[in-house]
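Letter by letter, the chains look like this.
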Amino acid sequence: MGERPLGVSAAPDDALDGIKVVNAEHPQAAAAGQGAGAPYLRIEQLSKKFGSFEALKNVSLAINEGEFVCFLGPSGCGKTTLLRAIAGLDPQTSGTIEQAGRDISALPPSQRDFGIVFQSYALFPNLTVIKNVAYGLENRKMRRGDARKRAAELLDMVGLADQAEKFPAQLSGGQQQRVALARALATSPGLLLLDEPLSALDAKVRLHLRKEIKDLQRRLNITTIMVTHDQEEALTMADRIVVMKAGVIEQVGTADEIYGDPVNPFVADFIGTMNFLPGTLIDQQHVRLGRVEVQHAGGLHGVAPGSRVTVCVRPEDVEIDDGTAAAAGNHMEARVAELDFIGNFFRARLAPDCLEGMILAADLPTPLVRSRQVSRGHSVRIALPSHRLRVYPAVS
């Protein structure tokens, strides 16, 4: 391939590798070589260096057939580099990649079995929509009539049957992204790669396309990897989320696991909103916060009593204590410093005297705020449920 960045519109002959590449072997035939329960995609000890900069550091990951997996993390964390290594567009410095039991580590993109959708769509501006979708099929020597029929079926599947004879410039951003998706699926790849496919679209279109892409993925049962920096996209679309930071995987899990039981403060901070409270470990079930001792769920091993720790609690887990709150012993009085109406809840900033200047964000249901007449400046009794507290060693 040339040095031109993939995803930039160019003459069709120059850009094919950036749109759809497919292994000559039938995906199902390759899959037959897998052992029972073996992952569809296996990545082992993958590293990637750009000069002295190490973008990926011994990354290992297994993805099952039919899974929808999101690579999530801040800019520069290595998620796009990992996707491009899987595709062979930026080959790894070391490590191996297996797809359907076949080692593809050293194969060029043209011999790998994937379809790819870029953020920039990479549609051919001089071809109609249906010709864009059919292009990869025709390059595989499919008869033009058959390729056009297949392209028409795909356009109908993504809701664009009536746009077939238009040119990309005549379509909205969301429609262009659907065309790019149809083109990536044209040759029935075993793996679909999505590189921040929704980030260039406005919020309303993104919400609509999230559901469309996920529904389509389920219907086709195609193994899919999507790169995103949008945590809401990952939480709503993925079967599993891979959270990355500085070239390493911090945590892999379902949306509920990542959100409800983050393995460290970075994941806790990156996914959703979190309160971070400095404290001192008393024992495996108790922490001192300010002037109060609170009970937590335990599980903090290898940290000696007296060590500095960080206690985390989600705003929605802070309870107004009406005498039935679940957090036995974790009660305190707090002043409502701020109260902002969000719609179905109020975001409160609470200042418990016993926490010596610490501020707690709390998401309080609107009916509760109204029924209890909670308002700015008032004092409320709150509870921190012990099973919702997460405790981590303090980061120096």
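Residues numbered from 1 in each chain as written. Predicted model: local features only at pLDDT ≥ 70, side-chain atom pairs only at ≥ 80, totals over all residues. Heavy atoms only, no water.

Topic: the overall build of the protein
In step 1: Check the secondary structure of the protein and you find eleven helices and 21 strands.
In step 2: Sorting the 396 residues of the protein into buried and exposed places 51% on the buried side.
In step 3: Looking at the protein alone, contacts between residues at least 24 apart form 68% of all its contacts between residues at least 6 apart.
In step 4: Carbon together with sulfur atoms contributes 49% to the accessible area of the protein, which is approximately 18,000 Å² in total. (Helix = DSSP H or I, 4+ residues; strand = E, 2+ residues; numbered from the N terminus. Buried < 20%, exposed > 50% of the residue type's maximum accessible area, 1.4 Å probe, protein only. Contact = heavy atoms within 4.5 Å. Areas by Shrake-Rupley, 256 points an atom, 1.4 Å probe, with all protein chains shown as cover.)

Observations concerning the environment of aspartate 113
In step 1: Position of aspartate 113 relative to the elements: it lies in the loop between strand S6 (102-103) and strand S7 (114-117).
In step 2: When the C-alpha atoms of aspartate 113 and glycine 190 are compared, they prove to be 5.9 Å apart, with 77 residues separating the residues in sequence.
In step 3: Among the polar contacts listed, one links the side chain of aspartate 113 to the backbone nitrogen of glycine 190, at a separation of 3.0 Å. (Polar contact = N/O pair within 3.5 Å; in protein donor to acceptor, adjacent residues only side chain to side chain.)

Quick notes on the sheet that holds strand S17 (residues 331-341)
In step 1: An order of S16-S20-S17-S18-S19 is seen for the five strands of this open sheet, with the pairing classed as antiparallel. The open sheet is flanked by strand S16 (319-320) and strand S19 (360-365), the only strands paired with a single partner.
In step 2: Pairing of S17 with strand S20 (residues 379-383) involves five bridges; the strand directions are antiparallel. Within S20, the position partnered with alanine 334 by the bridge is valine 380. (Pairing = 2+ DSSP bridges.)

Remarks on the pattern of salt bridges
Pairing between side chains of opposite charge can happen when the charged atoms of each approach one another.
In step 1: Across all of its chains, the model carries 14 salt bridges by this definition.
In step 2: Two residues, arginine 148 and glutamate 165, come together in a salt bridge whose shortest N-O distance is 2.3 Å. Placement of arginine 148 in helix H5 (residues 144-157) and of glutamate 165 in the loop between H5 and helix H6 (173-185) is noted, with a sequence separation of 17 residues between them.
In step 3: For the salt bridge of arginine 347 with aspartate 363, the shortest nitrogen-to-oxygen distance reads 2.2 Å. Within this pair, whereas arginine 347 is found in strand S18 (residues 345-352), its partner aspartate 363 is found in strand S19, the two being separated by 16 residues in sequence.
In step 4: Residue classification places aspartate 363 among the buried positions, given a relative accessible area of 14%. (Salt bridge = Lys/Arg side-chain N within 4 Å of Asp/Glu carboxyl O.)

Some remarks on H6
In step 1: Counted at 1.5 Å a residue, the expected span for H6 with its 13 residues is 18 Å, and the 19 Å between its end C-alpha atoms agrees.
In step 2: Burial analysis of H6 places eleven of its 13 residues in the buried class, which makes it a mostly covered element.
In step 3: The set of residues buried in H6 consists of Gly174, Gln176, Gln177, Arg178, Val179, Ala180, Leu181, Ala182, Arg183, Ala184 and Leu185. (Expected span 1.5 Å × (residues − 1).)

Re the packing of H6 against helix H7 (residues 203-220)
In step 1: Between H6 and H7, the least distance of the axes is 11 Å, while the angle of their chain directions is 15 degrees. The pairing of H6 with H7 is recorded here as roughly parallel in orientation. For the pair H6 and H7, the sense of crossing is right-handed. Between H6 and H7, the residues in contact are Gly174, Gln177, Arg178, Leu181 and Leu185 and Val205, His208, Leu209, Glu212, Ile213, Leu216 and Leu220, respectively. (Axes fitted to C-alpha atoms, helices over the stretch in contact; angles between N-to-C directions. Parallel < 35°, antiparallel > 145°, perpendicular 65-115°, else oblique. Left-handed = near helix turned anticlockwise from the far one by under 90°.)

Brief notes about the pairing of S20
In step 1: Bridging between S16 and S20 involves two bridges; their strand directions are antiparallel. Counterpart to glutamate 319 in the pairing with S20 is alanine 383.

Digging into the environment of threonine 236
In step 1: Among the structural elements, threonine 236 can be located in helix H8 (residues 231-237).
In step 2: Each C-alpha atom of the pair threonine 236 and lysine 214 lies 9.1 Å from the other, and the pair is 22 residues apart in sequence.
In step 3: Within the structure, the side chain of threonine 236 is placed 2.8 Å from the backbone oxygen of glutamate 232, a separation counted as a polar contact.

Considerations on the nonpolar core
In step 1: In this structure, Phe68, Val133, Leu181, Leu192, Leu194 and Ile241 are the most contacted members of the largest nonpolar core, which totals 45 residues.
In step 2: In terms of residues, this core owes the most to one element, H6, which gives six residues.
In step 3: If near-sequence neighbours (up to four positions away) are discounted, valine 133 is found in contact with Ala151, Leu154, Leu155, Val179, Ala182, Arg183 and Ala186.
In step 4: Ranked by size, the runner-up nonpolar core spans 32 residues in total, among them Ile320, Ala334, Ala348 and Val391. (Core = buried A, V, L, I, M, F, W, Y, C linked by side-chain atoms within 4.5 Å.)

Let's talk about the side chain of asparagine 132
In step 1: Structurally, asparagine 132 is set in helix H4 (residues 129-139).
In step 2: On the basis of relative accessibility, which here comes to 0%, the residue asparagine 132 falls in the buried class.
In step 3: At 3.3 Å, the side chain of asparagine 132 and the side chain of arginine 183 are in polar contact.
In step 4: With near-sequence residues (within four places) excluded, asparagine 132 lies in contact with Leu123, Phe124, Leu127, Pro168, Val179 and Arg183.

As for the side chain of threonine 81
In step 1: Structurally, threonine 81 can be placed in helix H3 (residues 79-87).
In step 2: Once residues lying within four places of it in the same chain are set aside, the contact partners of threonine 81 are Lys48, Phe50, Ala55 and Leu56.

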